[in-house]
Amino acid sequence: MKTVNNFWKILKDTYKDWSARDLGTEAASLAYNAIFSIPGLLIIVIWVTGIFFGEEAVRGEITKLIGSILGKDVGKSLEEIVVAGMVDKKNVFMKIIGIATLVFGATSLFFQFQKSLNKLWDVVAAPKKAWEKYLLDRANSLGMIIVIAFLMLITLLISSFIGLANDWFIHRFGLETLVLVNIINIVIGFIVTLFLFAAMFKILPDVELQWKSVWVGAAVTSVLFTLGKYILTFYFETFNPSSAFGAAGTVILLLLWINYTCQIIFFGAEFTKVYARKMGHELKPSKHAKWSPQAVSSEDSPEVVSGVKPMDKSLKDSMI
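Residues numbered from 1 in each chain as written. Predicted model: local features only at pLDDT ≥ 70, side-chain atom pairs only at ≥ 80, totals over all residues. Heavy atoms only, no water.

Caption draft 1: Highlighting the overall build of the protein. Helix and strand counts for the protein come out as 12 helices and four strands. Considering the protein as a whole, with its 320 residues, one finds that 43% of them fall into the buried category. Pairs at least 24 apart in sequence give 79% of the contacts found in the protein among residues at least 6 apart. In the form shown here, the protein has an accessible surface area of approximately 17400 Å², with 68% of it arising from carbon and sulfur atoms. (Helix = DSSP H or I, 4+ residues; strand = E, 2+ residues; numbered from the N terminus. Buried < 20%, exposed > 50% of the residue type's maximum accessible area, 1.4 Å probe, protein only. Contact = heavy atoms within 4.5 Å. Areas by Shrake-Rupley, 256 points an atom, 1.4 Å probe, with all protein chains shown as cover.)

And the structure:
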């Protein structure tokens with residue numbers, strides 16, 4: 001019971017800090033940038049995972065995944081955008097230019113995400129060499145794309161195995177396993193989002209954060225994201241909000257979905273920060289960053305300036 005109360009207190013503190021920030025503007029800005037970055041991101045993921053499964057198969061799976069959330073029309077529209085943006089592989093020069101453009105566009109989304117997360121963590125970039133920090137940030141953003149591609153690859157492998165196992169069970173025993181398959185798919189989806197959010201919280205912000213804080217924050221974010229996904233899917237299917245916007249409906253739904261996802265990620269990042277400080281976990285800026293002046297001036301404790309608050313021992317003992 002004490003653990004539940006302490007967890008509830010951390011949630012309340014998180015909501016208080018999260019609601020006090022101007023995150024609506026941040027989410028809207030990221031949603032706008034994502035519209036231009038998503039095609040490049042999807043193309044790169046399709047290229048990487050397509051090495052093992054074939055580009056058409058991967059494209060079909062992504063279309064089905066997006067369609068299950070936002071509707072078949074949105075999934076089909078995104079597939080058409082991706083196909084139109086695929087680089088011509090016959091012309092080597094144009095292929096190099098095209099790949100460079102796609103990588104730059106795809107990494108821009110996570111580049112902007114990093115800036116937003118830094119604001120949440122109350123850190124500002126303070127590089128000794130600006131160009132070195134810029135390249136590092138782009139490399140981190142590219143790393144996030146590789147993580148997504150890897151998780152997509154694992155998901156496809158597991159989904160293929162589940163499909164084969166399901167067919168074998170039906171053929172061998174004549175058992176209907178639809179409910180079991182759906183439960184397994186939900187669990188797999190949760191695990192994938194857990195690893196994705198953990199990678200995002202660990203890699204992107206200019207903060208050195210311990211993994212034990214990262215996993216807890218990622219788990220809370222994944223639960224909220226999974227619940228919200230089903231709620232939004234029900235809303236999109238029931239009320240079809242894009243119908244009022246005609247041909248622009250696809251863009252509107254994407255903006256709504258990305259805006260919601262950004263708010264969830266911001267809340268998860270805020271929860272991770274509050275949890276880390278409540279538990280006394282080590283928390284400090286990276287070597288290319290420093291605490292923002294506002295964060296330092298708002299706290300008198302030297303432990304807070306260094307990134308670690310004094311810990312309530314009873315709180316830590318009850319949360320472990």
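Let us keep going from here.
Caption draft 2: Structural view of the nonpolar core. Judged by nonpolar contacts, the single largest core of 59 residues is most densely connected at Ile62, Leu117, Trp121 and Phe266. Here the element with the most residues in this core is helix H2 (residues 23–53); it accounts for 13 residues. In contact with Leu117, other than residues within four places in its own chain, are Met200, Leu204, Pro205, Ile265, Phe266 and Ala269. Residues Ile10, Val220, Val274 and Tyr275 belong to the second largest nonpolar core, which totals six residues. (Core = buried A, V, L, I, M, F, W, Y, C linked by side-chain atoms within 4.5 Å.)

Caption draft 3: Spatial organisation of the side chain of Glu26. Tracing the chain through its elements places Glu26 in helix H2. The buried category is assigned to Glu26, whose relative accessible area is 18%. Within the structure, the side chain of Glu26 is placed 2.8 Å from the side chain of Lys119, a separation counted as a polar contact. Apart from residues no more than four positions distant in its own chain, Glu26 is found in contact with Ser116, Lys119 and Phe266. (Polar contact = N/O pair within 3.5 Å; in protein donor to acceptor, adjacent residues only side chain to side chain.)

Caption draft 4: Representation of the pattern of salt bridges in the model. In total, this model carries nine salt bridges according to the counting rule given. Across the pair Glu270 and Arg21 runs a salt bridge, and its minimum N-O distance is 3.2 Å. In this pair, Glu270 sits in helix H9 (residues 249–278) while Arg21 sits in the loop between helix H1 (2–19) and H2, placing the two residues 249 residues apart along the sequence. The class of Arg21 is partly exposed, set by a relative accessible area of 27%. (Salt bridge = Lys/Arg side-chain N within 4 Å of Asp/Glu carboxyl O.)

Caption draft 5: Focus on the environment of Ser159. Relative to the helices and strands, Ser159 resides in helix H6 (residues 130–173). On the basis of relative accessibility, which here comes to 31%, the residue Ser159 falls in the partly exposed class. Along the sequence, Ser159 and Asn185 sit 26 residues apart, while their C-alpha atoms lie 7.8 Å from each other.

Caption draft 6: Quick peek at the packing of aromatic side chains. Per the stated rule, a full pass over the model turns up 10 aromatic pairs. An angle of 65° between the planes, with centres 5.8 Å apart, marks the rings of Phe225 and Trp257 as edge-to-face. Note that Phe225 is positioned in helix H8 (residues 211–239) and Trp257 in helix H9, a separation of 32 residues in sequence. Taking 6.2 Å as the distance between ring centres and 10° as the angle between the ring planes, the aromatic pair formed by Phe271 and Tyr275 counts as stacked. In this pair, Phe271 and Tyr275 are both assigned in helix H9, four residues apart and thus about one turn of the helix distant. For Phe271, a relative accessible area of 0% corresponds to the buried category. Given a relative accessible area of 8%, Tyr275 falls into the buried group. In textbook terms, an aromatic cluster arises when at least three aromatic residues are bridged by ring pairs, as seen for Phe197, Phe225, Trp257 and Tyr260. (Phe/Tyr/Trp six-rings, centres within 6.5 Å; stacked < 30°, edge-to-face > 60°.)

Caption draft 7: Expanded view of unusual backbone geometry. The phi torsion at Asp122 lies on the positive side, around 60°, for a residue other than glycine. Residue position: Asp122 is located in the loop between helix H5 (92–120) and strand S1 (123–125).

Caption draft 8: Representation of a nonpolar patch on the surface within the structure. A cluster of nonpolar residues, Val179, Ile183, Val187, Ile191, Phe195, Trp211 and Trp215, forms a patch on the protein surface that exposes about 670 Å² of accessible area. Top contributing element to the nonpolar patch by residue count: helix H7 (residues 178–203), with five residues. Its location among the elements puts Ile191 in helix H7. The class of Ile191 is partly exposed, set by a relative accessible area of 39%. (Patch = residues over 30% accessible without salt bridge, like charges linked within 9 Å, V, L, I, M, F, W, Y side chains within 5 Å.)

Caption draft 9: Expanded view of the side chain of Glu270. By relative accessible area, Glu270 is classed as buried at 0%. Among the polar contacts made by the side chain of Glu270, one reaches the side chain of Arg21 at a distance of 3.2 Å. A distance of 3.0 Å separates the side chain of Glu270 from the side chain of Lys273, its partner in a polar contact. Setting aside residues up to four positions removed in sequence, Glu270 forms contacts with Thr14, Asp17, Trp18, Arg21 and Leu120.

Caption draft 10: Expanded view of the confidence of the model for the protein. For the protein, per-residue confidence averages 76 on the pLDDT scale, and 78% of positions sit at 70 or higher. Within the protein, the lowest mean pLDDT, 42, falls on helix H11 (residues 302–305), and the highest, 88, falls on strand S2 (residues 207–209). In the model, residues 299–316 has pLDDT below 50 throughout and makes 32 contacts with residues more than four positions away in sequence or in other chains. (pLDDT = per-residue confidence, 0-100.)

Caption draft 11: Structural detail: the environment of Phe53. Mapping Phe53 onto the fold places it in helix H2. Here Phe53 falls in the partly exposed class, since its relative accessible area comes to 28%. If we ignore the near neighbours within four places in the chain, the residues touching Phe53 are Val58, Leu153, Leu156, Leu157 and Ser160.

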